[in-house]
Amino acid sequence: MEKCVVVHYGEIGLKGKNRDFFERKLVENIKRITKSKAKRKFGRIEVKYVNGFEERLKKIPGIRYFGVGFKTELDLESIKEVTLQVLPDSFKTFKVSASRSNKNFSLNSMEINKEVGSFIAEKTGKKVDLGNPDVTVWIEVCEKEAYVYSTRMEGIGGLPIGTAGKVISLVSGGIDSPVASFMAMKRGCEVVMLHFFNRTLHSPQVRKKIYRLAEILSEYQGDMRLYMVPFEEIQMEIIRTVPAKLRMIIYRRSMMRMANTIAERENAKAIVTGDNLSQVASQTLENLNVIFSVSKLAVLSPLIGFDKEEIVNLAKKIGTYETSILPYEDCCSLMIAKHPETKARKEIVEEFERFEGFNLVELEKSVIGKAEITEID
Ligand code: ATP
Ligand code: MG
């Protein structure tokens, strides 16, 4: 009898030919993140138990739920004995819920429920309640072994990290963009985080805040690369040459171009942002077009369909909220108009980026060379 965890995945099962690839990726991710042993077992994954590692498992994308209990030999007597080990100290009612992927086992699921149910009732004197039991004892009968557990935990679902490829996620330190990074991870993207900061403003606190956000997000992904790009030179040039009303748009276009350069270096396939339509007056389709159109790669903004309240709730749930609300503004808010442009036009914006004796794109190239790269674990 061996303490272990049985991991179940949802959507992976639907992926036809890719199923093998998705399952292998999930096993690899579980091993990498929990440092435990994991192997595929007919539609589920068996993981060797490590004390207290449930919180880590709950955060691994691709896991729908998992049971914490024991692996046992494939005979009814062993299974019965093990059920007694997984019962809590105090409870009044219980039920047995068996499932069988091995159709050659001598009993079917209903028969297992009945047999094991009467055994537990007899040994403990407790009552069966099929509707609302205090404890459910799950039994999974597989090809070569059975799993028995009474603790089942929900995962976050989604798809294993790495199955979709790599993305560059623009993270500002606000509430939204860390949630957007999480959403990308949840759909199988490996996230490389990118932050632009002004070294002349609150620099140590901002740095700490961004590192902290990266650490929180790396709990879902495991190792994560963080680029911190100094933005003050670009910002000074923009403030010098662009009217206040257009600065934010040009800051963001500049960030987008540099994100594309980094994506090329990283072999990433898309850019992720925390944009949300109409959340603030300047988040119009006109502005987003002017900003996104400098990107060669697809720009994904997974929060586009959420209300602010939903984003805040998600931020709280994934653990980034408390860090995001620390009061250090990101550099995008520096020296911008009180009422920024809401209907930007590409031709006009482009004129401010390149005119005689001035070329923002050239400056961006030199600034990227100053990026600080940190590997977060
Ligand atoms: P957030 O809560 O993520 O800051 P927001 O609703 O405040 O989003 P903006 O501040 O306008 O919106 O930023 C929109 C998006 O631009 C951010 O979600 C992020 O993806 C990107 N972004 C803004 N500032 C930065 C920055 N300093 N570094 C990297 N990305 C940034
Ligand atoms: Mg912001």
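Along each chain, residues carry numbers from 1 onward, in the same order as the chain's sequence is written. Here chains are named by letter from A upward and ligands by number from 1 upward, in the order in which they appear as written. Totals for whole chains, interfaces and linings use all residues, but because this is a predicted model, local features are given only for residues with pLDDT of at least 70 and pairs of side-chain atoms are given and counted only at 80 or more. Derived side-chain values reflect all non-hydrogen atoms in the structure, with water molecules and hydrogen atoms excluded from consideration.

(A) Here's a closer look at the pattern of salt bridges. Salt bridges are counted wherever a side-chain nitrogen of Lys or Arg sits within 4 Å of a carboxyl oxygen of Asp or Glu. By the definition in use, this model includes 29 salt bridges. A salt bridge links E145 to K71, with the nearest nitrogen and oxygen atoms 4.0 Å apart. With E145 in the loop between β7 (135-141) and β8 (146-154) and K71 in strand β4 (residues 65-72), this pair connects stretches of sequence that are 74 residues apart. We note a salt bridge from R199 to E232, for which the minimum N-O separation is 2.7 Å. With R199 in the loop between β10 (189-197) and α6 (203-221) and E232 in helix α7 (residues 232-241), this pair connects stretches of sequence that are 33 residues apart. Exposure classes here rest on a 1.4 Å probe applied to the protein chains alone. A residue is buried below 20% of its type maximum, exposed above 50%, and partly exposed in between. R199 sits in the partly exposed class, given a relative accessible area of 38%. Residue class for E232 comes out buried when judged on its relative accessible area of 9%. Look at the salt bridges and you will find they share partners, linking R19, D20, E23, R24 and R40 into a network. A run of H or I in DSSP counts as a helix once it spans at least four residues, and a run of E counts as a strand once it spans at least two, with each numbered from the N terminus.

(B) Here's a closer look at helix α1 (residues 19-34). Its 16 residues place the ends of α1 22 Å apart at the C-alpha level, agreeing with the 22 Å of an ideal helix rising 1.5 Å per residue. Of the residues making up α1, those classed as buried are F22, E23, L26, V27, N29, I30, I33 and T34. Down the axis, α1 shows its buried residues gathered within 165° of arc, on one side only. Every residue pair with non-hydrogen atoms within 4.5 Å of one another is taken to be in contact. Buried positions along α1 lie against β1 (2-8), β2 (38-41), β3 (44-48), α2 (54-57) and α6. Just past α1, the residue K35 takes up positive phi, approximately 60°. A helix's residues, less one, multiplied by 1.5 Å, set its expected span. By construction, the arc corresponds to the directions joining the helix axis to the C-beta atoms.

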